[in-house]
Amino acid sequence: YEASRYKVSMNVLVVGGAGYIGSHCVRQLAATGHRPIVLDNLVFGHRGALLSEIPFYHADIADDEVELILKNEKIDLVMHFAAFAYVGESVEDPLKYYFNNSVATLHLLRSMVRCKVMRFVFSSTCATFGIPETVPISEDHPQHPINPYGQTKLDVENALNHISRATGMSFAAFRYFNAAGASEDGTIGEDHDPETHLIPLAIDAAVGKRPHLSILGTDYPTPDGTCLRDYVHVDDLSRAHIVVCDKLNTPGTQLFYNLGTGRPHSVLEIINAVETVSGKKVPRVAGVRRAGDPPSLCAD
């Protein structure tokens with residue numbers, strides 16, 4: 001995805017651009033000839049994940065300041081990565097998730113409409129599908145989320161549908177499966193607190209940063225008894241966000257894509273891969289299933 005591929009450079013506001021996926025996308029936007037501008041409240045993002053030359057605004061997507069940024073930076077398109085994404089926490093504190101993931105996003109969309117910024121790329125999630133009826137999961141699979149996190153993302157998808165019809169806004173909603181990995185040069189990668197993703201947890205256990213890895217369920221109806229998940233590299237996710245920009249030039253365009261690899265891997269397969277690469281054992285403890293975890297999630 002060389003810069004020469006794009007005839008027109010865009011000013012792209014990347015909200016949540018200091019977070020895990022957002023920071024990788026910012027780098028790829030810059031590498032492909034676009035001009036990323038980052039807005040992040042740094043609740044989970046890291047200022048150090050951004051190169052110093054990237055314009056940065058420390059703000060929230062619900063702030064009045066957003067309209068000034070959209071106008072002053074002459075924004076052509078908005079990419080939205082700013083969301084809380086801990087499923088368990090969303091069950092314990094649904095109000096936090098509804099206000100941040102749904103209500104704040106509506107503030108952002110209202111600011112865009114007021115400023116006539118009519119192209120939008122939204123980070124959704126495979127959690128909108130809930131417990132899948134069939135696997136692999138296609139884009140037209142019924143959406144029945146089983147937790148507030150998935151519900152808030154689906155609420156935004158539905159709102160985008162209506163806003164697009166009323167205003168002509170064009171959007172793409174990407175339903176991520178399990179984002180994983182780090183930039184090729186190793187300078188940025190997963191840096192969550194708390195960390196809940198399997199691969200960094202397994203690595204931490206291998207190098208002694210945590211006493212063991214907890215395997216949440218070993219009795220699933222899968223080949224080795226552990227959950228199957230579709231792990232997609234963060235740089236591949238980022239490239240999808242950039243490629244889709246070409247498809248949003250027609251007013252009222254509505255696009256929904258699943259982002260995955262189509263090939264699931266089990267928890268034990270991930271552990272074995274970490275052990276192979278590191279040459280170290282991953283101490284593990286078998287635990288009980290986590291409520292609401294499907295045996296298998298995989299994109300079609």
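Structure shown above.
Residues numbered from 1 in each chain as written. Predicted model: local features only at pLDDT ≥ 70, side-chain atom pairs only at ≥ 80, totals over all residues. Heavy atoms only, no water.

Caption draft 1: Quick look at helix H5 (residues 148-167). Between its first and last C-alpha atoms H5 spans 28 Å; for 20 residues at 1.5 Å apiece the expected length is 28 Å, and the two agree. Those residues of H5 that sit buried are Pro-148, Tyr-149, Gly-150, Thr-152, Lys-153, Leu-154, Val-156, Glu-157, Ala-159, Leu-160, Ile-163 and Ser-164. In this structure, the buried residues of H5 make contact with helix H3 (87-92), helix H4 (94-115), strand S5 (119-125), strand S6 (170-176) and strand S11 (254-259). One or two steps after H5, the chain reaches Gly-168, where phi turns positive at roughly 90 degrees. (Helix = DSSP H or I, 4+ residues; strand = E, 2+ residues; numbered from the N terminus. Expected span 1.5 Å × (residues − 1). Buried < 20%, exposed > 50% of the residue type's maximum accessible area, 1.4 Å probe, protein only. Contact = heavy atoms within 4.5 Å.)

Caption draft 2: Molecular detail of the packing of helix H6 (residues 198-206) against helix H8 (residues 267-278). Put simply, H6 and H8 touch, their axes get as near as 10 Å, and they point 45 degrees apart. One way to sum up the angle between H6 and H8 is to call them oblique. Classified by chirality, the crossing of H8 by H6 is right-handed. The segment H6 lies against H8, with Leu-198, Ile-199, Ala-202, Ile-203 and Ala-206 engaging Val-267, Ile-270, Val-274 and Ser-278. A breakdown of the residues in the contact of H6 with H8 according to their chemical character gives 8 nonpolar, 1 polar and no charged. (Axes fitted to C-alpha atoms, helices over the stretch in contact; angles between N-to-C directions. Parallel < 35°, antiparallel > 145°, perpendicular 65-115°, else oblique. Left-handed = near helix turned anticlockwise from the far one by under 90°. Nonpolar A, V, L, I, M, F, W, Y, C, P; charged D, E, K, R; others polar.)

Caption draft 3: Inspection of unusual backbone geometry at higher detail. Each neighbour pair has its own omega, and for Val-135 with Pro-136 the value is 5 degrees, a cis peptide bond. Residue position: Pro-136 is located in the loop between S5 and H5. Of note, the bond from Asp-193 into Pro-194 is cis; its omega dihedral lies within 30 degrees of zero at 5 degrees. Backbone geometry places Leu-42, a non-glycine residue, at a positive phi of 60 degrees.

Caption draft 4: Structural context of empty space enclosed by the protein. Considering all chains together, one arrives at 1 cavity of 30 Å³ or more under this definition. For the largest cavity, the calculated volume is near 40 Å³. Lining the largest cavity are His-80, Phe-81, Ala-82, Ala-83, Asn-101, Thr-105, Phe-122, Ser-123, Lys-153 and Val-156. Among the secondary structure elements, those contributing two or more residues to the lining of the largest cavity are H4, S5 and H5. (1 Å grid on protein atoms, 1.4 Å probe; cavity = no way out; pocket = protein on both sides within 12 Å on 5 of 7 lines; lining within 4 Å. Points joined across faces, edges and corners; volume = space filled by probe spheres on them.)

Caption draft 5: Region of the structure containing the side chain of Glu-157. Residue position: Glu-157 is located in helix H5. For Glu-157, a relative accessible area of 2% gives the class buried. At a separation of 3.2 Å, a polar atom in the side chain of Glu-157 contacts the side chain of Gln-143. Leave out the neighbours within four places in its chain, and Glu-157 touches Phe-122, Ser-124, Thr-128, Gln-143, Ala-173, Arg-175 and Phe-256. (Polar contact = N/O pair within 3.5 Å; in protein donor to acceptor, adjacent residues only side chain to side chain.)

Read these as spatial facts, not as claims about activity.
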